[in-house]
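Structural characterization, general
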Amino acid sequence: MLDRPASLAADAPPKGRAARGPFRPEVWLNARERSAVRLSAHYFRLVDVLVVVGLALGAILAIQPMGLADITVGDAAPVIGGAVLVLASMRALQLYRFGRDTPWVLHLFGVAGVGLVSAGVALILGWLLDRPALDVVAPWALTTTAALIVLHGLWLAVIARWRRLGALSPNIVLVGATRNARILIERALERRDMNVLGVFDDRLARSPDSVAGVPVLGDANALLTHRMTPYVDRIVLAIDPNAGQRVRDLTQRLNALPNPLTVLVDSELGGDGVLNRLGNAPLASLDGPVDPDRRAFNKRMQDLLVGAVALVVAAPVMALVALAVRLDSPGPVFFRQRRHGFNHETIVVWKFRSMRHEAADATASRQVCPGDDRVTRVGRFIRATSLDELPQIFNVLSGEMSLVGPRPHAIGMKTGETESALLVAEYAHRHRIKPGMTGWAAIKGSRGPVDTEAQVRERVQLDIEYIERQSFWLDLWVIAVTIPVLLGDRAAVR
């Protein structure tokens, strides 16, 4: 992790560290990286499950060294019952919440208590089934308890470091250098549970240089293009909500950003309710109905598992394509292009080179058309079959992209003579989820270049429709139909 990107330093007031304000995090993580931190409770529990299941399997094999085929239900029941109980109890007692106010000693005592109680239940179950197997169950129980204590000691140390660096505190910016903004900043400063990166004001001529020590970085329009936006978790509108027309104008302008927007109401400033709402929990909850955090975790697991299998299966094809590209025309095998990722993050997307090297167009200022003389012979084939997209599996495994999502467009891509992002007000909403190798729009026929405003609008509409419907099973269906749909699409020009 780096302290602070140079790109952000260029936008900061030039008056030294004090001018940065009292809330700047020690380590800057963009929204995608911070989302991964928030999901850590899910990853911690996954590791716990794998360890407990592995130790239980080892204990069962120790009961019957001849192999799993010779083990009866009665032999395995005590260990299985104890393992299920320990995992269920860890979740039921919310031992994956890692609350800021919970002492680490109390947390570890809770883990030890769950392990010992589950051990007792396993021994009693063995006694009731007349299969006490004390020489196996007791060592298993003690080993499992000790392993969980060590793991949770490690989880607590990791979380403590994240808190110290500010990685678990939400990053917000305030719009409006107002009394409400000052009150919110002063109360947040007492609690130290969020990072206020800066203040923007649509009436810059009237605004001060800073609000309660937090610098005013520009007007509302400056926020739309500020290099800080990929690092912002939420934009808070801190102007008087009774100024209806001003609120509507700012909301309409700021809706062009993918960052969530919250309007601060006067009545919320009477207590800590607004701070609790903005701060949320430090880690995503494992309980309750499926929420965006749970869906994000399921999607990441899907990307890792399916992506790893896809890489193994596609490796021979990728090797042949790389050789063909190399032999067909001079230049590198791969083409790299800067594109927008989640929350306006700039990512470098990998593709097999399909154009002549000297004619490469990194900004997509001229989109591909039928018979484009820039495309090589091999390039025409790999573009028509989408084989040029295969290296993006590496973007998926690194977490910059997903298998399914809106296709990432080149930064500054133009439709005609106009930048595509300026043609549709909701264009940036495509960035509220990671871009994908394939997507809902791609299988619905919107793939390849977008030559008109109507085509841009259609693609954005399909992308937003996917974001609103996204689920584990929808992603599987999109993955399953991608190859037959794309191979059967002879009309699209790529």
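Read on for a plain summary of the structure. Please read these numbers as outputs of a predicted model, since none were measured by experiment. Residue numbers restart at each chain and count upward from 1, following the sequence in its written direction. Given that this is a predicted model, residues contribute local features only at a pLDDT of at least 70 and side-chain atom pairs are listed and counted only at 80 or more, while totals for whole chains, interfaces and linings are drawn from all residues. Only hydrogens and water are set aside when side-chain values are computed; all heavy atoms of the structure are taken into account.

1. Topic: the overall build of the protein chain
Along the protein chain, the regular secondary structure elements total 16 helices and 12 strands. In the protein chain, which comprises 494 residues, the share counted as buried stands at 48%. Split by element, the accessible area of the protein chain, about 23600 Å² in all, is 61% carbon and sulfur. Helical segments are the DSSP runs of H or I of at least four residues, strand segments are the runs of E of at least two, and each set is numbered from the N terminus. Partly exposed describes any residue whose relative accessible area lies between the buried limit of under 20% and the exposed limit of over 50%, with all areas from a 1.4 Å probe on protein chains only and scaled to the type maximum. What sets the accessible areas is the Shrake-Rupley method with a 1.4 Å probe; for residues, cover comes only from the shown protein chains.

2. Quick notes on the pairing of strand β2 (residues 195–200)
Of all the 6 residues making up β2, 6 are buried; the element is thus mostly covered by neighbouring parts of the structure. Pairing between strands is defined by DSSP: at least two bridges between them are needed. In terms of strand pairing, strand β1 (residues 171–175) meets β2 through 5 bridges, oriented parallel. Bridge pairing in β2 places Asn171 opposite Asn195. The handedness rule is simple: strands pointing away from the viewer, and a clockwise path from the first strand over the helix to the second, make the crossover right-handed. Note that the unit made of β1, helix α7 (residues 179–191) and β2 has a crossover that is right-handed.

3. A word on unusual backbone geometry
Positioned with a positive phi, Ala212 is a non-glycine residue whose angle comes to about 50°. Here Ala212 lies in the loop between β3 (210–211) and β4 (214–218). On the accessibility criterion, Ala212 (23% relative accessible area) is partly exposed. Phi at Ser386 is positive, roughly 65°, even though this residue is not glycine. Positionally, Ser386 belongs in the loop between α12 (377–384) and α13 (392–398).

4. Some thoughts on the pattern of salt bridges
Opposite charge on two side chains lets them pair, provided their charged atoms get close. When a carboxyl oxygen of Asp or Glu is within 4 Å of a side-chain nitrogen of Lys or Arg, the pair counts as a salt bridge. Considering all chains together, one arrives at 10 salt bridges under this definition. Between Asp388 and Lys351 there is a salt bridge, with its nearest N and O atoms 3.4 Å apart. Taken together, the positions of Asp388 in the loop between α12 and α13 and Lys351 in strand β8 (residues 346–352) put the pair 37 residues apart, joining distant regions of the chain. The two residues Asp388 and Lys351 agree in class, both being buried.

5. As for the sheet that holds β4
In spatial order, the strands read β3-β4-β2-β1-β5-β6; together these 6 strands make up an open sheet with mixed pairing. This sheet does not close on itself; its edge strands, each paired only once, are β3 and β6 (261–263). For β2 and β4, the ladder comprises 2 bridges, and the chain directions are parallel. Across the sheet, residue Phe200 finds its bridge partner in β4, namely Gly218. Each of β1, β5 (234–237) and β6 touches helix α9 (residues 244–254); the most contacted strand, β5, lies at about 165° to it. Throughout, a contact is declared for two residues whenever any of their heavy atoms are within 4.5 Å. Only the stretch in contact is used when fitting a helix axis, every axis being a line fitted to C-alpha atoms; angles between N-to-C directions are given from 0 to 180 degrees.

6. Concerning the nonpolar core
Put simply, a nonpolar core is a bunch of buried Ala, Val, Leu, Ile, Met, Phe, Trp, Tyr and Cys residues held in one set by side-chain atoms that sit within 4.5 Å of each other. The biggest cluster of nonpolar side chains holds 36 residues, and the ones touching the most others in it are Phe44, Val79, Phe98, Trp140 and Trp162. Of all the secondary structure elements, the ones that give two or more residues to this core are α3 (40–63), α4 (73–92), α5 (104–128) and α6 (134–165). Sort the elements by how many residues they give to this core and α6 lands first, with 11 residues. Counting 28 residues, the second-largest nonpolar core is a separate cluster that includes Phe352, Met437, Leu462 and Leu474.

7. Quick notes on empty space enclosed by the protein
In the cavity and pocket records, a cavity denotes points on a 1 Å grid over the protein atoms alone where a 1.4 Å probe fits but cannot get out, a pocket denotes an open set with protein on both sides within 12 Å along at least 5 of 7 lines, and lining residues are residues with an atom within 4 Å of a point. Grid points are joined across faces, edges and corners, and a volume is the space filled by probe spheres set on the points. Inspection of the entire model under this criterion finds 3 cavities of 30 Å³ or more. Of the pockets and cavities examined, the largest cavity occupies roughly 50 Å³. As for the largest cavity, its lining consists of His340, Gly341, Phe342, Pro406, Arg407, Pro408, His409, Arg430, His431, Ile433 and Pro435.

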